[in-house]
Amino acid sequence: MNPAGALRRCVLGEVGRSIARRGCVSRTIASIVAARSLPQHRYPKQSSSHGTRPNFHCSTSSHLRHAQYFSTETPSLTFEDHMEISENHLELLMNDKKAFGKSLNAIRTNTDPKINIMEKWQAAMQVFMASHVHCFVPYGFSGDVQGLQAYQLAFEDVSKNHDNGSELESLNKRKWEVLVEKAFGFHIKDDDIMSLEQARHITGMLGMRMQSEEFLSAVEKNIGALDLSTDKQQADIQKQQVLVSLLAPLQKEVGENFSYTGDEGYIRMQTGLVKWQSDDQIAYNTATATMAVFRRAGITIPQQ
């Protein structure tokens, strides 16, 4: 097992619980959830007077069935390929007539008080990543966690080393702006840009709090009160939901120490952390805490 590798899929809020239903850790401090594949395609339901919770989930499963036939070698993409993928991704997020855009709008318009900001962030990340996979799978990447990682590494390499890499960075920044505007109704400001040093401080503080006996005892107590399914996979999902409910207030409390206050501050903090999700020190700082929580919760730690 590679703890740092697992962490990159589980500590920084990328890929929410429904992008990852089959037991591999998704990357989030915002949402420690199990994940192996994208969910079945479902359009969002609107809330009703009877309190029906809208379904935010939106996947690209139907577009991924052929992914298994691709070569296991990482595809070699040109700068133009990356530009086309990014432009297509942005269009999917912006288009209100397509499922991904509809899903983002459903997150913003939902007013159910039972759905907290962390669940909404998870849902937005699931839409973001599912729509991203939809765009790069036709170029030869697989539609699973490994494909996501491989494409992200390829993208980072080109954006950092190509003469016109700043164009890719600008497109990427615009995608996050659109996501926040559509799903949460506010704009990302220039002063929201988080430094690497601050990201390391935030994740370091959160990691320490997650390892505290107070938090771990709360995890154990709340999971102990569950009527767990006899199916291990379903039981892990139940446990993950407990972690989500416990992490939300903890994350908000840590964020307030860095002036990220309220629900909007929480989203600004998560958006800022996304930029640094591949940093080795951040992964190292939080890996121990993540594994400690999983162990106390009795959630299966994926093998890499």
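Please refer to the structure higher up on the page.
The rules behind each value
Residues numbered from 1 in each chain as written. Predicted model: local features only at pLDDT ≥ 70, side-chain atom pairs only at ≥ 80, totals over all residues. Heavy atoms only, no water. Helix = DSSP H or I, 4+ residues; strand = E, 2+ residues; numbered from the N terminus. Contact = heavy atoms within 4.5 Å. Areas by Shrake-Rupley, 256 points an atom, 1.4 Å probe, with all protein chains shown as cover. Buried < 20%, exposed > 50% of the residue type's maximum accessible area, 1.4 Å probe, protein only. Lys, Arg positive; Asp, Glu negative; His and termini not counted. Salt bridge = Lys/Arg side-chain N within 4 Å of Asp/Glu carboxyl O. Expected span 1.5 Å × (residues − 1). Bend = angle between axes of the 7 residues up to and from the residue. Polar contact = N/O pair within 3.5 Å; in protein donor to acceptor, adjacent residues only side chain to side chain. Phe/Tyr/Trp six-rings, centres within 6.5 Å; stacked < 30°, edge-to-face > 60°. Axes fitted to C-alpha atoms, helices over the stretch in contact; angles between N-to-C directions. Parallel < 35°, antiparallel > 145°, perpendicular 65-115°, else oblique. Left-handed = near helix turned anticlockwise from the far one by under 90°. Nonpolar A, V, L, I, M, F, W, Y, C, P; charged D, E, K, R; others polar. 1 Å grid on protein atoms, 1.4 Å probe; cavity = no way out; pocket = protein on both sides within 12 Å on 5 of 7 lines; lining within 4 Å. Points joined across faces, edges and corners; volume = space filled by probe spheres on them. Core = buried A, V, L, I, M, F, W, Y, C linked by side-chain atoms within 4.5 Å.

J.: Sorry if this is basic, but what is going on with the overall build of the chain here?
T.: The helix and strand inventory of the chain stands at 12 helices and 0 strands. Taken from the N to the C terminus, the helices and strands of the chain come in the order α-α-α-α-α-α-α-α-α-α-α-α. When contacts within the chain are restricted to residue pairs at least 6 apart in sequence, long-range pairs at least 24 apart make up 68% of them. When the accessible surface of the chain is summed, it comes to about 14,000 Å², and 49% of that surface belongs to carbon and sulfur atoms.

J.: Would you mind going over the side chain of Lys 120 with me for this structure?
T.: The residue Lys 120 is located in helix α5 (residues 117-136) in this model. An unpaired buried charge is present at Lys 120: no salt bridge exists, and Asp 263, the closest side chain of opposite charge, is 6.8 Å distant. Those residues in contact with Lys 120, other than ones at most four positions away along the chain, are Ile 107, Asn 110, Ile 115 and Phe 184.

J.: What exactly am I supposed to notice about helix α12 (residues 280-297) here?
T.: Working note: α-helix, 3.6 residues per turn, so residues spaced by three or four point in the same direction. The end-to-end C-alpha separation of α12 is 25 Å, in line with the 26 Å expected for 18 residues at 1.5 Å each. The largest bend along α12 reaches roughly 40° and is located at Thr 286. At the N-terminal end of α12, a side-chain oxygen is found 3.2 Å from the backbone nitrogen of Gln 281, two or three residues along, and the residue is Asp 279. Gly 298 lies just past α12 and shows a positive phi near 75°.

J.: I'm lost on the environment of Met 194 in this one. Help?
T.: Residue placement: Met 194 occurs in the loop between α7 (165-184) and α8 (196-211). In contact with Met 194, other than residues within four places in its own chain, are Ala 199, Ile 202, Tyr 260, Met 269, Gly 272, Leu 273 and Trp 276.

J.: Please clarify how the packing of aromatic side chains should be interpreted in this entry.
T.: Each aromatic ring pair is described using two quantities: the centre-to-centre distance and the angle formed by the ring planes. Considering all chains together, one arrives at 6 aromatic pairs under this definition. Ring geometry for Phe 128 versus Trp 176: centroids 4.2 Å apart, planes at 20°, classification stacked. With a gap of 48 residues between them, Phe 128 in helix α5 and Trp 176 in helix α7 connect regions that are remote in the sequence. Through successive ring pairs, a cluster of aromatic residues spans Phe 136, Phe 141, Tyr 151 and Phe 155.

J.: Help me understand the packing of helix α9 (residues 213-224) against α12 in this model?
T.: The description of two helices packed together rests on the angle between their axes and the distance between the axes. One way to put it is that α9 packs onto α12 with a least axis distance of 9 Å and a crossing angle of 30°. Judged by the angle between their axes, α9 and α12 are roughly parallel. Handedness of the α9/α12 crossing: right-handed. Contacts from Glu 213, Phe 215, Leu 216, Ser 217, Val 219, Glu 220 and Ile 223 in α9 reach Ala 292, Val 293, Arg 296 and Ala 297 in α12. Looking at the contact of α9 with α12 residue by residue, the classes come out as 7 nonpolar, 1 polar and 3 charged.

J.: Explain the layout of surface pockets here, please?
T.: Sizing a probe to match a water molecule and rolling it over the atoms shows the empty space that remains. Within this model, the largest pocket holds a volume of roughly 760 Å³. Taken together, 32 residues make up the lining of the largest pocket; nearest its centre are Glu 169, Asn 172, Trp 176, Val 274 and Lys 275. Among the elements of the structure, α5, α6 (145-161), α7 and α11 (262-274) are those that each provide at least two residues to the lining of the largest pocket. Its residues placed into classes, the lining of the largest pocket shows 13 nonpolar, 8 polar and 11 charged.

J.: Teacher, can you tell me more about the nonpolar core here?
T.: Nonpolar side chains tend to gather and get buried jointly when the protein is soluble and globular. Counting 72 residues, the largest nonpolar core has Trp 121, Leu 179 and Phe 184 as the members making the most contacts within it. By residue number, the principal contributor to this core is α5, which donates 13 residues.

J.: I'm lost on the pattern of salt bridges in this one. Help?
T.: Using the criterion set out here, one finds 11 salt bridges in the structure. In this structure, the salt-bridge partner of Asp 279 is Arg 200, at a minimum N-O distance of 2.8 Å. Taken together, the positions of Asp 279 in the loop between α11 and α12 and Arg 200 in helix α8 put the pair 79 residues apart, joining distant regions of the chain. Judged by relative accessible area, which is 13%, Asp 279 ranks as buried. Judged by its relative accessible area of 24%, Arg 200 falls in the partly exposed class. We note a salt bridge from Glu 213 to Arg 296, for which the minimum N-O separation is 3.3 Å.

J.: Explain α6 here, please?
T.: Taking 1.5 Å per residue, 17 residues should reach 24 Å; α6 reaches 24 Å between its end C-alpha atoms and fits that length. When α6 is considered as a whole, its buried residues turn out to be Val 145, Gly 147, Leu 148, Ala 150, Tyr 151, Gln 152, Ala 154, Phe 155, Glu 156, Val 158 and Ser 159. Against α3 (79-94), α5 and α7 lie the buried residues of α6.

J.: Would you mind showing me how to read unusual backbone geometry here?
T.: The general pattern is negative phi for most residues beyond glycine and trans for most peptide bonds. A positive phi angle, near 70°, is found at Ser 259, a position not held by glycine. Within the fold, Ser 259 resides in the loop between α10 (232-256) and α11.

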